[in-house]
Every structure is written in structure tokens, then in C-alpha cells.
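# Results of the structural survey
Take a look at the letters that make up each chain.
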Amino acid sequence: MGDLITMDDLSNEEIIQILDDANILLPVARGEIYLPLLEGKVLGNLFFENSTRTRMSFETAMKRLGGEVLNLSSIGSSVAKGETLYDTMQMVDGYSDIAVIRHPNQGAAQYSADAVDIPILNAGDGAGNHPTQTMLDLFTIRESHGSLEGLNVMMVGDLRYGRTTHSLSHALVRFGAKLTLVSPKSLKMPSEIVSDLKNHGGEINETEDMASSIDSADVIYMTRIQKERFPDEEEYTKVAGIYKLNANDIEGAKSDMIVMHPLPRVNELHASVDSTKHAKYFQQAFNGVPTRMALLCRGLGVKVPRKVK
Ligand code: CP
């Protein structure tokens, strides 16, 4: 019931409700107020793939709400001895009240949700989806633009393997966004996702040219080329470093345009952008804390008060 596997699990009204809850929880996320809404609850934080932001922001979110966290990764657990995902999930079901899972295999989060009774939050399944990232992305966009409605959003880079763009594009078209999808041919957004976006009324422009859409963009969402998902090194080398955004590139951009990136960045987003008013990616990463607080409360059926003090 409280699972979040893809953005299809949330209606637009629920998305707005979660963003409103996250906004209320901002002082708790910053550590200014202690609000033990999740006291006595235990989060299973299961990472079968590397993570800095998702793992740490879920842990911070749970702890700042008074809950406890159990961390599990492939290294240092019995997964390294060959224990199956199914069996691992049975253990997590017994030890925790809710679980977050990141896994290299697309579909692993749904498989886990089907295997247990506790709510499962998908923290990235292979090249599939990353819906909790999408929620913090939407929070960041609404924080900057005041609304999610009808924005011009550029997504740049690895749209084939980049799960953050798969989930975010789906959510944005439901709020009337126009999307410019910038990638080399070999890393285009999968055609079934583009069809889904169009079926939801999305206005989609696919191109290899980054420069010509910058001046009309409200959001530029840069992504890393996902080296770890390429079948061979040679294919990766052909496209590595193909897009590089630096401060000069955005001189003619709208004054309220924001540059986002789910991070980590490699070389597609130059440090010169950091000191511009457009850079939002570090704020975006922090926004994982209030947003994931709101998602944990939703998953556990805990109501966020309308006001915190
Ligand atoms: N954005 C994101 O998922 O970052 P991590 O891989 O560090 O969790």
C-alpha cells in the first residue's frame, strides 16, 4: 500500500501533498526542530549498488524524525555468500517497518515489494526508475519556479540508462512540461518511454544539439553518462564527455533558469557553473532529506502535521 516503485504509484494530487509535507518538514530536515514522528520505527536501507546521496539522505531523514536505520550492502552482508534477494527480503521484513532498496537489476524493487509485507521504496533499479529522486527533483523545481505547470525542461546526456530522467520525464509531462531530450543517438530515451510521454500529452523534442535550447529553458537537467551500465568500454568511450556545460554556455539563459543534476557529476557539468545563480544541484541534493521524510511518513501511514514548531 505504501510502496513507491514508479511514479505511476502516485497521483498528481498525492505528489503535491508529499511536496507540501516536505515543505513543512524543512526545519526538521535542517535540524532546527526535532520532531519524532517516526520514533519506534525502523528503516531497512538496502544498497546493492553504490550511493552517497540517496543512502545518506534516507538515513538522515529517518533519524531526524526519531526513527532507527539498519544498513545493508552487498559487501559485508550474506549477499556476498550468495544469499538470494528473496531470502534477504524475508529477513528485512522481520527486522524493519519499511525498506529502501537500490539494486542493479531493473524490476528488483517491484520483485522485493511482491516478496514482503512492509512498504518498499525504490531507490533506483538498474536503468529503470528512481522515483524518490524524482520527488526531490520536483520539490527543487517547485521551490525555484513556484509551480510545476508548463515548464520548458531540457534533459541532457545519458537518457538511455539514466533512470532519474525516466522517472522525472514521466512526472513532468503529467504537469504539462515541454521536454527537450538532448543525447547522442546511442543514448536516446528508450522509445517505449517516449511513447508513454506522448500518450500523457507530452510535447517532446529529441535532438543531439544542446546549445540551441538553452536560452528558452526553465530547467536544464544534466546527467552523467552511466559508464557502469555499458556492455563494453569501447561503446562508453565513444560518448564519454560528449556534453559539457560551463558558465559561458548559460550566459544568455533566462534569469530564473535552474541547472540541476542528480549527481555525481563527472565532466558534463563544469565547476564554473557552481558560482552562478542558476546552480541548484547542491540544494537539490539537500532536498532529498525533507522529501524523503515525507515519503517515509507516507509509507508508514504517519500524517505530517500542517505546522511544525
Ligand atoms: N542522485 C543519486 O541517486 O545519487 P547517489 O547515487 O549518490 O545516491
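Okay, so let's go over this structure.

Moving on, we come to the packing of helix α7 (residues 163-174) against helix α8 (residues 191-199). At a minimum axis separation of 9 Å, α7 and α8 run at an interaxial angle of 15°. The orientation of α7 with respect to α8, classified from their angle, is roughly parallel. Two packed elements cross with a definite hand, and for α7 against α8 that hand is right-handed. Between α7, through His166, Ser169, His170 and Val173, and α8, the contact on the second element is made entirely by Ile193, Asp196 and Leu197.

Bringing a nonpolar patch on the surface into the picture now. On the surface, a cluster of nonpolar side chains totalling about 310 Å² of accessible area is made up of Leu70, Met91 and Tyr95. Tracing the sequence through the fold places Leu70 in strand β2 (residues 68-73). For Leu70, a relative accessible area of 40% gives the class partly exposed.

Now for empty space enclosed by the protein. A full pass over the atoms with the stated rule returns one cavity of 30 Å³ or more. In this structure, the largest cavity encloses a volume near 40 Å³. If you go around the largest cavity, the residues you meet are Arg53, Gln133, Leu136, His261, Pro262, Tyr281, Gln284, Ala285 and Arg292. At the level of secondary structure, the elements contributing two or more residues to the lining of the largest cavity comprise α6 (131-145) and α10 (281-286). The biggest single contributor to the lining of the largest cavity is α10, with three residues. Taken together, the residues of the lining of the largest cavity sort by class into four nonpolar, three polar and two charged.

Our focus in this paragraph is the environment of Asp274. Turning to its location among the elements, Asp274 is positioned in the loop between β9 (258-260) and α10. If we ignore the near neighbours within four places in the chain, the residues touching Asp274 are Arg265, Ala279, Tyr281 and Phe282. At a separation of 2.9 Å, a polar atom in the side chain of Asp274 contacts the side chain of Arg265.

Moving on, we get to the layout of surface pockets. The volume enclosed by the largest pocket comes to roughly 390 Å³. In terms of lining residues, the largest pocket is bounded by 21 residues, among which Arg102, Arg163, Arg224, Leu263 and Pro264 are the most central. Residue assignment for the lining of the largest pocket shows that the elements contributing at least two residues are α3 (53-64) and α7. Here the lining of the largest pocket gathers at least three residues from each of two domains, domain 1 (7-129 + 287-300) and domain 2 (131-285). Empty space within the second largest pocket amounts to approximately 250 Å³. What lines the second largest pocket is a set of 15 residues, among which Gly128, Asn129, His166, Ser167 and Ile193 lie closest to the centre. Split by domain, the residues of the lining of the second largest pocket number at least three in each of domain 1 (7-129 + 287-300) and domain 2 (131-285).

Below, the discussion takes up the nonpolar core. Core analysis: the largest hydrophobic core is formed by 61 residues, its most contacted members being Met135, Leu138, Met155, Leu172, Leu179 and Leu296. Each of two domains, domain 1 (7-129 + 287-300) and domain 2 (131-285), supplies a minimum of three residues to this core. Residues contacting Met135, with those up to four places away along its chain left out, are Met7, Leu10, Ile15, Ile18, Leu19, Thr291 and Leu295. Among the nonpolar cores identified, the runner-up in size contains 18 residues, and Met154, Tyr243, Leu263 and Leu269 belong to it.

Parameters at a glance
Residues numbered from 1 in each chain as written. Predicted model: local features only at pLDDT ≥ 70, side-chain atom pairs only at ≥ 80, totals over all residues. Heavy atoms only, no water. Axes fitted to C-alpha atoms, helices over the stretch in contact; angles between N-to-C directions. Helix = DSSP H or I, 4+ residues; strand = E, 2+ residues; numbered from the N terminus. Parallel < 35°, antiparallel > 145°, perpendicular 65-115°, else oblique. Left-handed = near helix turned anticlockwise from the far one by under 90°. Contact = heavy atoms within 4.5 Å. Patch = residues over 30% accessible without salt bridge, like charges linked within 9 Å, V, L, I, M, F, W, Y side chains within 5 Å. Areas by Shrake-Rupley, 256 points an atom, 1.4 Å probe, with all protein chains shown as cover. Salt bridge = Lys/Arg side-chain N within 4 Å of Asp/Glu carboxyl O. Buried < 20%, exposed > 50% of the residue type's maximum accessible area, 1.4 Å probe, protein only. 1 Å grid on protein atoms, 1.4 Å probe; cavity = no way out; pocket = protein on both sides within 12 Å on 5 of 7 lines; lining within 4 Å. Points joined across faces, edges and corners; volume = space filled by probe spheres on them. Nonpolar A, V, L, I, M, F, W, Y, C, P; charged D, E, K, R; others polar. Polar contact = N/O pair within 3.5 Å; in protein donor to acceptor, adjacent residues only side chain to side chain. Domains from an automatic or database assignment. Core = buried A, V, L, I, M, F, W, Y, C linked by side-chain atoms within 4.5 Å.

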